[in-house]
Amino acid sequence: MSAAKDAPPPLPEPLGIAVADSHTHLDMQGTTVEEALTKAASVGVTTVVQVGCDVKGSQWAAETAAAYDSVWAAVALHPNEAPRIVLGDPDGWSRQGARTPGGASALDDALGEIDRLAALPHVKGVGETGLDYFRTGVEGMAAQERSFRAHIEIAKRHDKALVIHDREAHADVLRILREEGAPERTVFHCYSGDAEMAELCAESGYFMSFAGNLTFKNAQPLRDALAVAPLELVLVETDAPFLTPAPYRGRPNAPYLIPITVRAMAAVKGLHEDALAAAVAENTARAFDY
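All residue numbers refer to positions counted from 1 along the written sequence of the respective chain. Where local features are concerned, this predicted model is filtered to residues with pLDDT of at least 70; where side-chain atom pairs are given and counted, the filter is 80 or more; whole-chain, interface and lining totals use all residues. The side-chain figures draw on all heavy atoms in the structure; neither hydrogens nor water molecules are used.

*Asks:* Is there a simple way to think about the overall build of the protein chain in this case?
*Replies:* The numbering of helices and of strands both runs from the N terminus, where a helix is a DSSP run of H or I of at least 4 residues and a strand a run of E of at least 2. Counting its regular elements, the protein chain contains 11 helices and 8 strands. As a reference, a globule follows 2.2 Å times the number of residues to the power 0.38, and the radius of gyration itself is taken over C-alpha atoms. Its C-alpha atoms give the protein chain a radius of gyration of 18 Å, near enough to 19 Å, the size a compact globule of 290 residues would have. For the protein chain, the C-alpha atoms occupy an extent of roughly 50 × 45 × 35 Å along the three principal directions. Three exposure classes are used, based on accessible area relative to the maximum for each residue type with a 1.4 Å probe and protein chains only: buried under 20%, partly exposed in between, and exposed over 50%. In the protein chain, which comprises 290 residues, the proportion classed as buried is 52%. We call two residues contacting when some pair of their heavy atoms lies within 4.5 Å. Long-range pairs, those at least 24 residues apart, make up 72% of the contacts in the protein chain with a sequence separation of at least 6. Surface accessibility follows the Shrake-Rupley procedure with a 1.4 Å probe radius. Residue values consider only the protein chains on display as shielding. As displayed, the protein chain has an accessible area near 11,800 Å², and 55% of this comes from carbon and sulfur atoms.

In structure tokens form, the structure reads like this:
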């Protein structure tokens, strides 16, 4: 990769109305938390939700949210993490490296720690949880589903938002939410469904959070979904360091790039960027109850 491809994109024009990044991974970005938050605030991104994907990451998210006024936390075992705990991870694909199978008891232990963290006041969400059929094969589906159902229960018991990771598993995610009964506040992070699914989500009152991939050339189905999504259910996120918006796709993403996605969303909705930003700011505070 060339130096230019590694370089952080330039600061966008600041937003006139401050917004929140509803889903970011500060622990995976190549800066300090202070640098990331200062840079974000300079362009009108004054709040971030730091999301955990495993036990260590969730502990870090909770600690970071407790230390910084502009950070809230969500804690969970990512859908790809549950099968790694149960079945092992011989290839060491995750950040922890190679792992031996722990079985159901190891998953119970990990879920117990997520439950403990979910009770903390700076933790406003349980997630990202859900189903991911892209990376986990058939052998991992049972562990994913068991973990997802447990996270739904934890979110409801602690009255926290449920943050959903749904990759190539739309029908099963919606089915399990129906079977378990979704928490009062449910967020589809990095919304990846089409317009028809957006209408189903809207009927259930689920929030839909749009990321930088909305700006990609091939993302017309996402733009169509945003077009039909009710404004009061729309959030914005980076999922940084992933999904950097065009024209910087492939370079490192960070919360300070939210204005690019906000402007793209405003264009899809036919709104002034201030109107879109104001709605998104209010929606995020409502979704995460802060």
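Let us keep going from here.
*Asks:* Is there a simple way to think about the nonpolar core in this case?
*Replies:* Within soluble globular proteins, side chains that are nonpolar tend to cluster in buried spots. Take the buried Ala, Val, Leu, Ile, Met, Phe, Trp, Tyr and Cys residues and link them wherever side-chain atoms come within 4.5 Å; each set so joined is a nonpolar core. Of all hydrophobic cores here, the largest spans 81 residues; its most connected members are Phe 148, Leu 177, Phe 188, Tyr 191 and Met 265. The element contributing the most residues to this core is helix α5 (residues 103-118), with 6 residues. Leave out the neighbours within four places in its chain, and Tyr 191 touches Met 197, Ala 198, Cys 201, Met 208, Ser 209, Phe 210, Leu 222 and Ala 225.

*Asks:* I would appreciate a short explanation of the pattern of salt bridges in the present structure.
*Replies:* If the charged atoms of two oppositely charged side chains come close together, the side chains can form a pair. By definition here, a salt bridge exists when the distance from a side-chain nitrogen of Lys or Arg to a carboxyl oxygen of Asp or Glu is within 4 Å. What the rule picks out here adds up to 15 salt bridges. Ionic pairing is found between Arg 149 and Glu 145, a salt bridge with its closest N-O pair at 2.8 Å. With Arg 149 and Glu 145 both in helix α6 (residues 141-158) and 4 residues apart, the pair spans about one turn of that helix. Owing to a relative accessible area of 23%, Glu 145 belongs among the partly exposed residues under this scheme. The salt bridge involving Asp 159 is made with Arg 185; its shortest N-O contact spans 3.5 Å. Note that Asp 159 is positioned in the loop between α6 and β5 (161-167) and Arg 185 in the loop between α7 (170-180) and β6 (186-188), a separation of 26 residues in sequence. Classification of Asp 159 as partly exposed rests on a relative accessible area of 45%. Overall, the relative accessible area of 10% leaves Arg 185 in the buried class.

*Asks:* When you look at the packing of aromatic side chains in this model, what are you seeing that I'm missing?
*Replies:* Within a pair of aromatic rings, the relevant descriptors are the distance that separates the centres and the angle that separates the planes. Aromatic rings from Phe, Tyr and Trp, with only the six-membered ring used for Trp, were paired whenever their centres fell within 6.5 Å, and each pair was classed as stacked if the ring planes differed by under 30 degrees, edge-to-face if by over 60, and tilted otherwise. Scanning the entire structure with this criterion turns up 3 aromatic pairs. Taking the centre distance of 5.6 Å and the plane angle of 20 degrees together, the rings of Trp 72 and Tyr 290 count as stacked. Of the two residues, Trp 72 is situated in strand β3 (residues 71-75) and Tyr 290 in the segment after α11 (273-288); the sequence distance between them amounts to 218 residues. With a centroid separation of 5.7 Å and 35 degrees between ring planes, the pair formed by Phe 188 and Tyr 206 is classed as tilted. Taken together, the residues span a long stretch of sequence, with Phe 188 in strand β6 and Tyr 206 in the loop between α8 (195-204) and β7 (207-210) at a distance of 18 residues. Owing to a relative accessible area of 2%, Phe 188 belongs among the buried residues under this scheme. Judged by its relative accessible area of 8%, Tyr 206 is buried.

*Asks:* Where do I start with the pairing of β5 in this structure?
*Replies:* The side chains of a regular strand alternate between the sheet's two faces. Among the 7 residues in β5, 6 count as buried, and that is most of the element. Here, any two strands with at least 2 DSSP bridges between them count as paired. The pairing of strand β4 (residues 123-132) with β5 spans 6 bridges and is parallel. Residue pairing in the sheet places Thr 129 in a bridge with Ile 164 of β5. This β-α-β element, β4 to α6 to β5, shows right-handed connectivity. Relative to β6, β5 runs parallel, the two sharing 3 bridges. When the bridges of β6 are listed, Val 163 appears paired with Val 187. Looking down the strands as they point away from the viewer, one classifies a crossover as right-handed if the path from the first strand across the helix to the second runs clockwise.

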